[in-house]
Amino acid sequence: MAKFLGLCRNNAAYRAIDDVRALAEAAGLTVVVANCQNRCAFCDVTPYALLGREVIFGDDVDEFLAELEAALAERCAACPEASAR
């Protein structure tokens, strides 16, 4: 199970870092921010983050946040802690 959410400082999702951090921390994840060495047009306009082996993305920041929230909820529902409740 992923323990980190990876985010590039150059990515469009970084504009919503406070929202991303709040969602990740509520799911028990640590946000790791790095500078990508491969700047590309995709990164500038398409917000995305790495959740384990999965790439979460959206057409814009609002859609990205909704997709991230859904992915985190799905992962949390599958957590052993959730099934113990």
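Above this text sits the structure in question.
Note that the coordinates shown come from a computational prediction; the quantities given were computed from them, not determined experimentally. (Residues numbered from 1 in each chain as written. Predicted model: local features only at pLDDT ≥ 70, side-chain atom pairs only at ≥ 80, totals over all residues. Heavy atoms only, no water.)

Visitor: Any chance you could break down helix H1 (residues 17–26) for me, citing the residues and the numbers?
Guide: Residues Ile17, Val20 and Ala24 constitute the buried set of H1. Here the buried residues of H1 occupy an arc of 65 degrees about the axis, which is enough to place them on one side. Relative to its buried face, H1 has exposed residues pointing more than 90 degrees away, namely Asp18, Glu25 and Ala26. Following H1 by one or two positions, Gly28 has its phi on the positive side, about 80 degrees. (Buried < 20%, exposed > 50% of the residue type's maximum accessible area, 1.4 Å probe, protein only. Helix = DSSP H or I, 4+ residues; strand = E, 2+ residues; numbered from the N terminus. Arc of directions from axis to C-beta.)

Visitor: Mind laying out helix H3 (residues 61–77), listing which residues take part and the relevant values?
Guide: In an α-helix there are 3.6 residues to a turn, and that puts residues three or four apart on one side. End to end, H3 covers 24 Å across 17 residues, agreeing with the expected 24 Å (1.5 Å per residue, within 8%). Restricting attention to buried positions, one finds in H3 the residues Phe64, Leu65, Leu68, Ala71 and Leu72. For H3, the arc enclosing every buried residue in end-on projection is 130 degrees, short of the 170-degree limit, so these residues lie on one face. H3 presents Asp62, Glu74 and Ala77 as exposed residues on the side facing more than 90 degrees away from its buried surface. (Expected span 1.5 Å × (residues − 1).)

Visitor: Now, about a negative patch on the surface: what can you tell me, with residues and values included?
Guide: Negative charge collects at one region of the surface, where Asp18, Asp19, Asp59, Asp60, Asp62, Glu63 and Glu67 lie side by side. Elements with a minimum of two residues in the negative patch: H1 and H3. The element best represented in the negative patch is H3, accounting for three residues. Considering the arrangement of structural elements, one finds Glu63 in helix H3. (Patch = residues over 30% accessible without salt bridge, like charges linked within 9 Å, V, L, I, M, F, W, Y side chains within 5 Å. Areas by Shrake-Rupley, 256 points an atom, 1.4 Å probe, with all protein chains shown as cover. Salt bridge = Lys/Arg side-chain N within 4 Å of Asp/Glu carboxyl O. Lys, Arg positive; Asp, Glu negative; His and termini not counted. Charge placed at Lys NZ, Arg CZ, Asp CG, Glu CD.)

Visitor: Run through the packing of H1 against H3, naming residues and quoting values.
Guide: Where H1 contacts H3, the two axes come as close as 10 Å, and the packing angle between them is 10 degrees. Between H1 and H3, the crossing angle belongs to the class labelled roughly parallel. In contact with Asp19, Val20, Leu23 and Ala24 of H1, H3 contributes Phe64, Leu65, Leu68, Glu69 and Leu72. Partitioned by chemical class, the residues of the contact of H1 with H3 number seven nonpolar, no polar and two charged. (Axes fitted to C-alpha atoms, helices over the stretch in contact; angles between N-to-C directions. Parallel < 35°, antiparallel > 145°, perpendicular 65-115°, else oblique. Contact = heavy atoms within 4.5 Å. Nonpolar A, V, L, I, M, F, W, Y, C, P; charged D, E, K, R; others polar.)

Visitor: Give me the environment of Leu72: which residues, what numbers.
Guide: Note that Leu72 resides in helix H3. Setting aside residues no more than four positions away along its own chain, Leu72 makes contact with Leu23, Ala24, Ala27, Leu29 and Leu51.

Visitor: Please set out a nonpolar patch on the surface residue by residue, giving values where relevant.
Guide: A cluster of nonpolar side chains, contributed by Leu50, Val55 and Phe57, occupies part of the molecular surface with about 270 Å² of accessible area. The topology assignment puts Phe57 in strand E4 (residues 54–57).

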